[in-house]
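So you can see what is in the structure, the chains are spelled out below.
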Amino acid sequence: MQFITNYNFFYFPLLLLMIVSTYLLGHVFLTTINKRKLPSYFSFFFKSIIGYLIIIFLYSLIKSKGITIHGLLTIPFILLIITFKKDKYFQVKSTGNKFSVFYFAIPIALIFFFQTLYFYNPFTGISYSLDTDNFYYANIGSFIQQIGIENRFLDWINGDLAKPEIYHYADTWLVAIFAEFGLPSAKTITLVVNAFFYFQVYLGALSILEIKTEINFFKSIFALSIFFISCFFINYEDFTFFGYGCVTLVYPKLALITVYLLLSFYFVVQKQYYLLLFSLLSISVIYVALMPPILIGFTLFIITMWLFKKVNSNTSLIFGLILFVFSISFIVYFKTIFSQIDPRLVLEEKEKLSVIPVVISKIKDIVYTFLFNYFYFLKQIIPYLLLTGFICIANAKSRQTTLTLSLFYIFLLLGGMVVFGLRYNYLDSIQFYQNLAYPLTGILGFYYLCEILFTEIKYKTIGRAFVLILLAFNLYSSFQYLKKMHEFNMVYNISKDKKYVNEVMHLVSTEKNPRFAVAKGKADYKTIYDKAYTNTLNPFIGNKINTYMPTSITVFDIPLSEKVEYAEMEKTWIDNSALNFYIQKHKQEKDTTKLQIQFLKANKIQFLEMAKNYKIPSEINEIIDTMVINERNGVKFAKIKKEHYNKY
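Residues numbered from 1 in each chain as written. Predicted model: local features only at pLDDT ≥ 70, side-chain atom pairs only at ≥ 80, totals over all residues. Heavy atoms only, no water.

Engineer: Looking at this structure, how should I read the overall build of the protein?
Structural biologist: Scanning the protein from terminus to terminus reveals 24 helices and 8 strands. Of all 648 residues assigned to the protein, the portion counted as buried reaches 58%. Contacts in the protein between residues at least 24 apart in sequence constitute 76% of all its contacts with a sequence separation of at least 6. Per element, the accessible surface of the protein, about 28600 Å² overall, is 63% carbon and sulfur. (Helix = DSSP H or I, 4+ residues; strand = E, 2+ residues; numbered from the N terminus. Buried < 20%, exposed > 50% of the residue type's maximum accessible area, 1.4 Å probe, protein only. Contact = heavy atoms within 4.5 Å. Areas by Shrake-Rupley, 256 points an atom, 1.4 Å probe, with all protein chains shown as cover.)

Structure representation (structure tokens):
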């Protein structure tokens, strides 16, 4: 099995198996409730999503013994069953397209081919290693498969001390399923899990497209282009706000979000607001960081629909009750199960005296954040407001739907802006807004393109010219970003030192269940990414084995950043490190070579990876059996002598 999984083509049948199995599971579930006929491509899309939810719901409940955020999926599932059973709650329009497997063949192959480029470029012969977020999520999948607990500190040494922690785990639970069979997590998340969500994005695009027109091969390829429609106006130099193109391709977690937002857009177009609530509650569970902005945005949307009498009072009250029950359930989960609460949520003594100053302060934060970023916010939505106005003038039949979609889009963005404002001075708080803005922008842009290109409207020549201009901006900015990505070297080029790679993998193959530790000198901690435990020295190892999660023996040498938000995160990493837990348990002193050797021995670590600026102490040097050096970057990889452990 290990030999076979070294080759990328092995994962293509797994991808097909996942696509087919999720559809069949969703089909059985929905037809058991109601045997209604659904539009062809939407049927595949919707059933695949249901099948996927069922798989992670059941597996995570069993693996974690019920202690999982996915327990909250019970509420949207109950809502789905009640809604789907009643015909009056589910009426959709379709152009009557017939399902064609042929339209799936090329997109699946293209998606899989793109994913293989993460590991190997057949045109240049360059090999790559999975890095950054993808590598992190792959390791989280391996970790929760081993310990059955949703936690993001990746401490397999002290797994018995791990506590459940709020995070987004949906895709990583799928990685955990494949890890049960010993498959390398780095490759399964890229070639199977991420490719699966990309295919779901394509299905969602087809579902929207079939509302408007009869689908043929060229239109199916057009649906695939939604990957490249992220923002029409992108300043790729501004990396913190509206900063990159091709977002669902570069950051796969956004593909997962895009899938559910596509489903939500579909239900808005079809005026299926109960199922819209199902979609939004589902994404709030499987990507829990988006729960606050989504609930805020949806509440504003429903209130507006009620004010304009598009939703009656009874429906509004029912939605309010469901949202209340869902929110209370989340609070119960948060207080009783997820014990590692962010210390920044704890009020100081002066704040406990009066809630009013705290509320005023938070309102100021929200207003300040909006005013500080209003130019970017306007730049984000103005192209869509122009398109909204054009379509309302050019096609009176779709005017109501277009305005409703625009309101839905704006309210979700506002929800993200509010939460961003509440936590703007914390690291990554922009993602509360960003992770909604990019997918929403791409989906709304795709819908408007469908309106202009595939429906009967006035001023079609003007509309097509406008579309070409916008796509030209998008294409240019996307290429600029890809160039920037290459300059930042987001993946390690390891093919330039093949001798080093081969020697390292030969050493690793000598141990059945290899364990790794990392040592860095203070000069190696140049950026926040160097300090993160997810930034490894030899990431290519993760392409070959199931679990590659090195632990640091020099974690106390990490210099704290001057920025408060960075320093807080770095302290969290240090406090939750395996070495710190070891010290707390054995009451040892910090920063001694003897302690490091005892730690290596106690945890049966066979391999030590050393960064360029790490000065090897003589005691460490004595226990090294074999060492190889990467001439390109100065990284050293050593196998430890087992017999020398006995000296300590």
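The rest of the description comes next.
Engineer: Could you clarify how one ought to interpret the packing of aromatic side chains in this entry?
Structural biologist: Ring pairs (aromatic) are described by centroid distance and by the angle formed between their planes. Under the counting rule described, the total for this entry stands at 38 aromatic pairs. Considering the side-chain rings of F46 and F278, the 6.3 Å spacing of their centres and the 90° angle between planes classify their relative orientation as edge-to-face. Of this pair, F46 sits in helix α2 (residues 40-64) while F278 sits in helix α11 (residues 273-286), and the two are 232 residues apart along the sequence. An identical accessibility class is assigned to F46 and F278; each is buried. The positively charged end of R152 is found above the aromatic ring belonging to F153, 5.3 Å away from the centroid. (Phe/Tyr/Trp six-rings, centres within 6.5 Å; stacked < 30°, edge-to-face > 60°. Lys NZ or Arg CZ within 6 Å of the ring centre and 35° of its normal.)

Engineer: Where do I start with helix α8 (residues 217-224) in this structure?
Structural biologist: What sets the pattern is the α-helix's 3.6 residues per turn: residues three or four places apart point alike. Looking only at α8, the buried set comprises K219, S220, F222, A223 and L224. A side-chain oxygen of the first residue of α8 lies 3.2 Å from the backbone nitrogen of F218; this N-cap is N216. (Polar contact = N/O pair within 3.5 Å; in protein donor to acceptor, adjacent residues only side chain to side chain.)

Engineer: Could you clarify how one ought to interpret the sheet that holds strand β8 (residues 636-640) in this entry?
Structural biologist: With respect to topology, 5 strands assemble into an open sheet ordered β5-β4-β6-β8-β7, the strand pairing being mixed. Here the strands that pair on one side only, and so sit at the sheet edges, are β5 (551-552) and β7 (624-629). Here β7 pairs with β8 via 5 bridges, running antiparallel. Opposite V628, over in β8, you have F637 as the bridge partner. Seen against the sheet, helix α19 (residues 498-508) touches β4 (516-519), β6 (607-610), β7 and β8 and runs at an angle of roughly 20° to β8. (Pairing = 2+ DSSP bridges. Axes fitted to C-alpha atoms, helices over the stretch in contact; angles between N-to-C directions.)

Engineer: Hey, could you run me through the environment of L161 in this one?
Structural biologist: On the secondary structure map, L161 appears in the loop between α5 (132-147) and α6 (170-179). Since its relative accessible area comes to 37%, L161 is described here as partly exposed. A C-alpha to C-alpha distance of 8.7 Å links L161 and F581, two positions 420 residues apart in sequence.

Engineer: How should I be thinking about the nonpolar core in this particular structure?
Structural biologist: Within soluble globular proteins, side chains that are nonpolar generally end up buried alongside one another. One finds F46 and Y52 to be the most contacted residues of the largest nonpolar core, which totals 176 residues. Grouped together as the second largest cluster of nonpolar side chains are 19 residues, M505, V518, I541 and A611 included. (Core = buried A, V, L, I, M, F, W, Y, C linked by side-chain atoms within 4.5 Å.)

Engineer: Before we go on, may I ask you to explain the pairing of β6 in this structure?
Structural biologist: Walk down a regular strand and you will see the side chains alternate between the two sheet faces. Where burial is concerned, the two faces of β6 agree: the one with F607 and E609 and the one with L608 and M610 are both buried. The pairing of β4 with β6 spans 4 bridges and is classified as parallel. Paired with F516 across the strands is F607, a residue of β6. With 4 bridges connecting them, β6 and β8 associate as antiparallel partners. Looking across to β8, one finds that M610 is bridged to K636.

Engineer: Mind showing me how you'd approach the pairing of β8 here?
Structural biologist: Extensive coverage of β8 is indicated by the burial of 5 of its 5 residues. The alternating pattern of β8 places K636, A638 and I640 and F637 and K639 on opposite faces, both of which are buried. Taking the residues between adjacent antiparallel strands as the criterion, β7 and β8 are bridged by 6 residues, where G634 takes a positive phi near 80°.

Engineer: What's the story with the confidence of the model for the protein in this structure? I'm lost.
Structural biologist: Keep in mind that low pLDDT regions are not for reading the predicted coordinates in detail. Looking at the protein, pLDDT values average 80 and 78% of them are 70 or higher. Counting contacts from residues 340-347, a segment whose pLDDT is below 50, to residues more than four positions away or on other chains yields 14 contacts. (pLDDT = per-residue confidence, 0-100.)

Engineer: Mind showing me how you'd approach unusual backbone geometry here?
Structural biologist: Glycine aside, the phi torsion of most residues is negative, and most peptide linkages are trans. Even without being a glycine, K65 presents a positive backbone phi close to 55°. Within the secondary structure layout, K65 lies in the loop between α2 and α3 (74-85). Among the residues examined, K65 registers a relative accessible area of 77% and is labelled exposed.

Engineer: What exactly am I supposed to notice about helix α4 (residues 102-116) here?
Structural biologist: End to end, α4 covers 22 Å across 15 residues, agreeing with the expected 21 Å (1.5 Å per residue, within 8%). When α4 is considered as a whole, its buried residues turn out to be Y103, F104, P107, I108, I111, F112, Q115 and T116. (Expected span 1.5 Å × (residues − 1).)

Engineer: Teacher, can you tell me more about a nonpolar patch on the surface here?
Structural biologist: Together, L321, F324, V325, I328, I331 and V332 make up a nonpolar patch on the protein surface, roughly 540 Å² of accessible area in all. Here V332 is to be found in helix α13 (residues 313-336). (Patch = residues over 30% accessible without salt bridge, like charges linked within 9 Å, V, L, I, M, F, W, Y side chains within 5 Å. Salt bridge = Lys/Arg side-chain N within 4 Å of Asp/Glu carboxyl O.)

Engineer: Whenever I open this one, the environment of K604 confuses me. Can you help?
Structural biologist: With respect to the element layout, K604 can be found in the loop between α23 (593-602) and β6. Each C-alpha atom of the pair K604 and P514 lies 9.1 Å from the other, and the pair is 90 residues apart in sequence.

Engineer: What should I look at first to understand the packing of α2 against helix α10 (residues 252-269) in this one?
Structural biologist: Packed helix pairs are specified by the crossing angle of their axes together with the interaxial distance, meaning the distance between the axes. α10 packs onto α2 with a crossing angle of 130° between their chain directions and a minimal axis gap of 12 Å. With respect to their mutual orientation, α2 and α10 come out oblique. For α2 against α10, the interelement crossing comes out left-handed. Contact residues: F42, F45, F46, I49, Y52 and L53 in α2; L256, V259, Y260, L262, L263, Y266 and F267 in α10. Of the residues belonging to the contact of α2 with α10, the class tally is 13 nonpolar, no polar and no charged. (Parallel < 35°, antiparallel > 145°, perpendicular 65-115°, else oblique. Left-handed = near helix turned anticlockwise from the far one by under 90°. Nonpolar A, V, L, I, M, F, W, Y, C, P; charged D, E, K, R; others polar.)

Engineer: Before we go on, may I ask you to explain the pattern of salt bridges in this structure?
Structural biologist: Proximity of charged atoms lets side chains of opposite charge pair with each other. Scanning the entire structure with this criterion turns up 4 salt bridges. Taking the shortest distance from any N to any O, the salt bridge between E180 and K63 comes out at 3.0 Å. With E180 in the loop between α6 and α7 (185-212) and K63 in helix α2, this residue pair connects regions lying 117 residues apart in the sequence. The class for E180 is partly exposed, based on a relative accessible area of 35%. Salt-bridge contacts for R152 lead to E165; the nearest nitrogen and oxygen are separated by 2.5 Å. Taken together, the residues span a long stretch of sequence, with R152 in the loop between α5 and α6 and E165 in the loop between α5 and α6 at a distance of 13 residues. Exposure remark for R152: the relative accessible area of 25% places this residue in the partly exposed category. Residue classification places E165 among the buried residues on the basis of a relative accessible area of 7%.

Engineer: Quick question: what am I supposed to make of the packing of α10 against α11 here?
Structural biologist: Contact pair α10 / α11: the axes reach a minimum separation of 8 Å and the direction vectors enclose 165°. With respect to their mutual orientation, α10 and α11 come out roughly antiparallel. In the packing of α10 onto α11, the handedness of the crossing is left-handed. The segment α10 lies against α11, with L256, I257, Y260, L263, S264, F267 and V268 engaging L275, L276, F278, S279, L280, S282, I283 and I286. Within the contact of α10 with α11, the residues separate by chemical class into 12 nonpolar, 3 polar and no charged.

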